[in-house]
Every structure is written in structure tokens, then in C-alpha cells.
Amino acid sequence: WEHQALVRSRSLAGDAGVRDRFGKIRAASLQAHRDPAQIQADVTAMRLRMRNELDRSTGVRFDIKQGLGGLVDMEFFLQSRVLTLASADQSVLAMQRSPEIIAVLEAIGDITKSDASALQAHYENLIAHSMICSLDQRPRIIELTDELQDQCRATLTIYAAKGMDYKS
């Protein structure tokens, strides 16, 4: 969990020496060699537990953040890829935001261009819906349209191909 949080962490202000030391500690922590199967098992188990406790989706309504194929599934997938790949390829450490991580994963050949496009489109769709809900001051639960359901299925297939089965 803590290492997943480090993937998104970055220093924004403060003493340059402290920021530099933080960057080195972050890089060293993320670059530690990890067993990919253990990462997949741990991250998947944590995600399933969270969904069971927090998902407010129904058959016709979709929880943008916690629903199956939602934002947290994507975040956990991307964080697991960084934790898996960082010991072999430092380029995955440079980015902290989801769209940037997707682009790096495509650039290093971890995912295909088609998969990167699908992930990016789904992320943008979820964020757009999330922003509308925030502006309307309502919960981030929306109608589960056919388009959204198709995007969720496509991204879940990409995750499963990398050992992250969130459907259990």
C-alpha cells in the first residue's frame, strides 16, 4: 500500500535538498526488486477488499471511483505496473499521473498502442464524469451506459492480461 502511494508522490515545494533526498528515497524504494506474482496477488487482494467495502454501484448505476473498471481499478493497475517494472526500467519513475504512466508503459512496450489508447479514453471519460458530479455537488455515481460498460470490459481485459483480475 505504501509503495503504491509512492508511485504518485512528488515533491512540489520546499527546500531543494529535502526534495532531492525525497526523490532519491522514492526512487530507491520503487526500484527495489519485487516478485511480479506477489505484486499482482497483493494489489488484487487489496483492491477486491476495498471494492467490497466501498463500491456503491448497482445494476444500473456505476460508482466512478470504486466500481468494477473504475478509477481505483485503473490506479491500482498502473501502480502495480510501476512497482513491477521500476527495477528494470527507471523511465517509469518519472511520471506520477495516470495519463503519463499510460504513455510511459506504451513507450517501453509494456502495453500496446491500442491498449494505451483504450486506457486513456476510459480514464478521460471517467474523469469527465467525475468532474461533472463534483460541479453538481452530487455523489460520483452515474448511469451505467452501454459505452461505459464496454470501456470497463475493455480495460478489465487489459488488466487481466497483466495478471490483475479484479472480477473475483
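From a predicted model like this one, the values you see are computed outputs, not experimental measurements.

### Description of unusual backbone geometry
Then step 1. Unlike most non-glycine residues, Gln 137 shows phi in positive territory, near 55 degrees.
Then step 2. Residue placement: Gln 137 occurs in the loop between α6 (113-135) and β2 (141-143).

### Remarks on the nonpolar core
Then step 1. The biggest cluster of nonpolar side chains holds 37 residues, and the ones touching the most others in it are Phe 77, Leu 119, Tyr 159 and Tyr 166.
Then step 2. If you list the elements that add at least two residues to this core, you get α2 (16-31), α3 (36-54), α4 (71-85), α5 (98-107), α6 and α7 (146-161).
Then step 3. With nine residues, the top contributor of residues to this core is α4.
Then step 4. With residues near it in sequence (within four places) discarded, Tyr 166 still touches Val 43, Thr 44, Arg 47, Leu 48, Arg 51, Leu 68, Asp 73, Phe 76, Phe 77, Leu 156 and Tyr 159.

### Details of the environment of Pro 36
Then step 1. Tracing the backbone shows Pro 36 in helix α3.
Then step 2. Owing to a relative accessible area of 34%, Pro 36 belongs among the partly exposed residues under this scheme.
Then step 3. When the C-alpha positions of Pro 36 and Met 46 are compared, they lie 15 Å apart, and in sequence the two are ten residues distant.

### Considerations on the packing of aromatic side chains
One pair of aromatic rings is described through two measures. These are the centre distance and the angle between the planes.
Then step 1. Tallying each qualifying case throughout the model produces two aromatic pairs.
Then step 2. On the numbers, 5.6 Å between centres and 70 degrees between planes, the contact of Tyr 159 with Tyr 166 is edge-to-face.
Then step 3. By the ring-pair criterion, three or more aromatic residues cluster together here, those being Phe 77, Tyr 159 and Tyr 166.

### Digging into the packing of α6 against α7
What describes two packed helices is the angle between their axes and the distance between those same axes.
Then step 1. Where α6 meets α7, the closest approach of the two axes is 10 Å, and the angle between their N-to-C directions is 135 degrees. When the axis of α6 is compared with that of α7, the two are oblique. Relative to α7, α6 is oriented so that their crossing is left-handed. Note on element contacts: α7 touches α6 through Leu 148, Gln 151, Cys 152, Thr 155, Ile 158 and Tyr 159, opposite Asp 115, Ala 118, Leu 119, Ala 121, His 122, Asn 125 and Leu 126.
Then step 2. Its residues placed into classes, the contact of α6 with α7 shows eight nonpolar, four polar and one charged.

### Topic: the side chain of Ser 130
Then step 1. Relative to the assigned elements, Ser 130 resides in helix α6.
Then step 2. Setting aside anything within four residues of it in sequence, one finds Ser 130 in contact with Ile 64 and Arg 140.

### Some points on the side chain of His 122
Then step 1. Along the polypeptide, His 122 turns up in helix α6.
Then step 2. On the accessibility criterion, His 122 (0% relative accessible area) is buried.
Then step 3. Side-chain polar atoms of His 122 contact the backbone oxygen of Gly 69, separated by 2.6 Å.
Then step 4. When near neighbours in sequence (up to four residues on either side) are disregarded, His 122 contacts Gly 69, Met 74, Leu 148, Gln 151, Cys 152 and Thr 155.

### Some remarks on the packing of α4 against α5
Then step 1. At their nearest, the axes of α4 and α5 sit 10 Å apart, and the two run at 45 degrees to each other. Of the possible angle classes, the one that applies to α4 and α5 is oblique. Judged by the sense of rotation from one axis to the other, the crossing of α4 with α5 is left-handed. Along the contact surface, α4 presents Met 74, Glu 75, Leu 78, Arg 81, Val 82 and Leu 85, while α5 presents Ser 98, Ile 101, Ile 102 and Leu 105.
Then step 2. Classifying every residue of the contact of α4 with α5 gives seven nonpolar, one polar and two charged.

Reading the values: rules and limits
- Residues numbered from 1 in each chain as written.
- Predicted model: local features only at pLDDT ≥ 70, side-chain atom pairs only at ≥ 80, totals over all residues.
- Heavy atoms only, no water.
- Helix = DSSP H or I, 4+ residues; strand = E, 2+ residues; numbered from the N terminus.
- Core = buried A, V, L, I, M, F, W, Y, C linked by side-chain atoms within 4.5 Å.
- Buried < 20%, exposed > 50% of the residue type's maximum accessible area, 1.4 Å probe, protein only.
- Contact = heavy atoms within 4.5 Å.
- Phe/Tyr/Trp six-rings, centres within 6.5 Å; stacked < 30°, edge-to-face > 60°.
- Axes fitted to C-alpha atoms, helices over the stretch in contact; angles between N-to-C directions.
- Parallel < 35°, antiparallel > 145°, perpendicular 65-115°, else oblique.
- Left-handed = near helix turned anticlockwise from the far one by under 90°.
- Nonpolar A, V, L, I, M, F, W, Y, C, P; charged D, E, K, R; others polar.
- Polar contact = N/O pair within 3.5 Å; in protein donor to acceptor, adjacent residues only side chain to side chain.

Geometry only, nothing functional implied.
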